[in-house]
Structures are given as structure tokens and as C-alpha cells.
Amino acid sequence: MLGNLPRMPRRISHDASYPCSPAELHAALTDPAYWRARVDAVGGPGATLDDVRPLDGGVEVALTQKVAAEHLPSIVSKIVSGDLSIARTEAWGPLEGSSATGRTTAQVASTPAFVGSTAELSGDSDGCTVCTRGEVKVSVPLIGGRLEQAVSDAVLRLLQAEQKFTASWVRH
């Protein structure tokens, strides 16, 4: 029966271009001041920067983001009461030549929703790009696919806001 086949997670894909070299972007991504400013600018109300740890030429960041209940899609409000809290980690490895790799995970509190992605930073002295590929998985019978769509749409909006902030940061 087709209704019993397992669903595949929803894929996400985002490419962000920046007006700087990979070294300049990597320097921003490993700077605690950048992370404090980014969380304040695009983390949402109540967002917190929980930890910034240097890692052998890279960084690992833990943050918590909040989405107010009144801004949640109705499909999400069906399984979450009140504001949504998202625990997120982002890590970037060292810059090797003109490239670096990153990974992000996010877990939505009190839900079976998970977001995971990898990112590749590459470019040259004229500019660079971060290509992010990942997936959203929500393990809820019957409405999981609609929840995955809502979460993946929100993730893409967040990636666009973070791109805009970061492009402005590296220009200054």
C-alpha cells in the first residue's frame, strides 16, 4: 500500500555569494563578535548565543533561536503550544587554501523535527560562495510532510537573512 511507504526528508539548498575573499569570509565566520552581532540582528526575539568555541582554525557555535507563537504557521501550532525554541549548532573547519567546510544541526524543542546541513565555502580574491545542502525531517504521521515544508521554508528565509547580514558585515 502506497500510504505506508517511508517518506524521504525534505531537501534544502541555498547558495550565498559574498563580495570578499574566502579568507575574509572565514575570518568573519570564526570571529565571536560576528556571531554576537548576527544573533542580535537575525536570531529573532529572545535568541541567545550560548557558546563560541575555537576549533583548530575553525569554530563551533551553539545558539538558541525563538519563534513567537503568533508567527508560527497553523500546521506547526497543531503540535507545538506556545513559542518555538530551536537549539542550533554551526561549525566551520579551518580554511584550507581557498575553501572550508561547515555543518549545521538544529533541533526544534518538544518536537520530532530535525534540520541538518553541510556547507562548502569556496572562491577567490574577487568573491566567494557558500553552498548549503541539507534536509529537514519531521517524524509525525500524516502531517510530517506539511511540517517539513513549513520548516524548510523557514530555514530558507533564515539563510537569506543571514546571507544579507553577513554580506554587510564583510563589507565593513
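Residues numbered from 1 in each chain as written. Predicted model: local features only at pLDDT ≥ 70, side-chain atom pairs only at ≥ 80, totals over all residues. Heavy atoms only, no water.

Caption draft 1: Inspection of the sheet that holds strand β5 (residues 99–108) at higher detail. The strand order β1-β7-β6-β5-β4-β3-β2 describes an open sheet built from 7 strands, whose pairing is antiparallel. Whereas interior strands pair on both sides, the edge strands pair on one side only; in this sheet they are β1 (10–18) and β2 (48–55). Put simply, the sheet's adjacent strands are angled 15 degrees from each other on average, direction ignored. Note: strand β3 (residues 58–67) against strand β4 (residues 84–92), 9 bridges, orientation antiparallel. By the bridge assignment, V59 is partnered in β4 with W92. Most of the contacts of helix α2 (residues 32–42) go to β2, to which it runs at about 155 degrees, and overall it touches β2, β3 and β4. Strands β1, β3, β4, β6 (113–124) and β7 (127–138) of the sheet are contacted by helix α4 (residues 144–171), whose axis makes an angle of about 10 degrees with β1. (Pairing = 2+ DSSP bridges. Helix = DSSP H or I, 4+ residues; strand = E, 2+ residues; numbered from the N terminus. Axes fitted to C-alpha atoms, helices over the stretch in contact; angles between N-to-C directions. Contact = heavy atoms within 4.5 Å.)

Caption draft 2: Spotlight on the packing of helix α1 (residues 22–29) against α4. Running from N to C, α1 and α4 point in directions that differ by 110 degrees, and their axes come no closer than 10 Å. For the element pair α1 / α4, the angle class is roughly perpendicular. Of the residues in α4, those touching α1 at E24, L25 and A28 are T166, W169 and V170. Here the residues of the contact of α1 with α4 are counted per class, giving 4 nonpolar, 1 polar and 1 charged. (Parallel < 35°, antiparallel > 145°, perpendicular 65-115°, else oblique. Nonpolar A, V, L, I, M, F, W, Y, C, P; charged D, E, K, R; others polar.)

Caption draft 3: Focus on the packing of aromatic side chains. A complete count under the given rule lists 4 aromatic pairs for this structure. Taken together, a centroid distance of 5.8 Å and an interplanar angle of 45 degrees make the contact between Y34 and F165 tilted. Highlighted residues: Y34 in helix α2 and F165 in helix α4, separated in sequence by 131 residues. According to the relative accessible area criterion, Y34 is buried, its value standing at 0%. Given a relative accessible area of 16%, F165 falls into the buried group. An angle of 75 degrees between the planes, with centres 5.7 Å apart, marks the rings of Y34 and W169 as edge-to-face. (Phe/Tyr/Trp six-rings, centres within 6.5 Å; stacked < 30°, edge-to-face > 60°. Buried < 20%, exposed > 50% of the residue type's maximum accessible area, 1.4 Å probe, protein only.)

Caption draft 4: Local environment of the pairing of β4. For β4, a buried count of 7 out of 9 residues is recorded, marking the element as mostly surrounded by other parts of the structure. Of the strand pairs in this sheet, β4 and β5 are connected by 7 bridges, and their pairing is antiparallel. In the strand pairing of β5, W92 is matched with G102. In this antiparallel pair of consecutive strands, β4 and β5, the connection spans 6 residues, and G97 shows a positive phi of 70 degrees.

Caption draft 5: Summary view of empty space enclosed by the protein. On inspection of all chains with the given rule, the structure shows 1 cavity of 30 Å³ or more. Computed from the structure, the largest cavity encloses a volume of approximately 40 Å³. Lining the largest cavity, in full, are R38, V39, V42, G43, L63, Q65, R88, L158 and E162. Counting residues per element, the ones that place at least two in the lining of the largest cavity are α2, β3 and α4. Take the lining of the largest cavity: its biggest share by element is 3 residues, from α2. Among the residues forming the lining of the largest cavity, the class breakdown is 4 nonpolar, 2 polar and 3 charged. (1 Å grid on protein atoms, 1.4 Å probe; cavity = no way out; pocket = protein on both sides within 12 Å on 5 of 7 lines; lining within 4 Å. Points joined across faces, edges and corners; volume = space filled by probe spheres on them.)

Distances and angles like these do not, on their own, reveal function.
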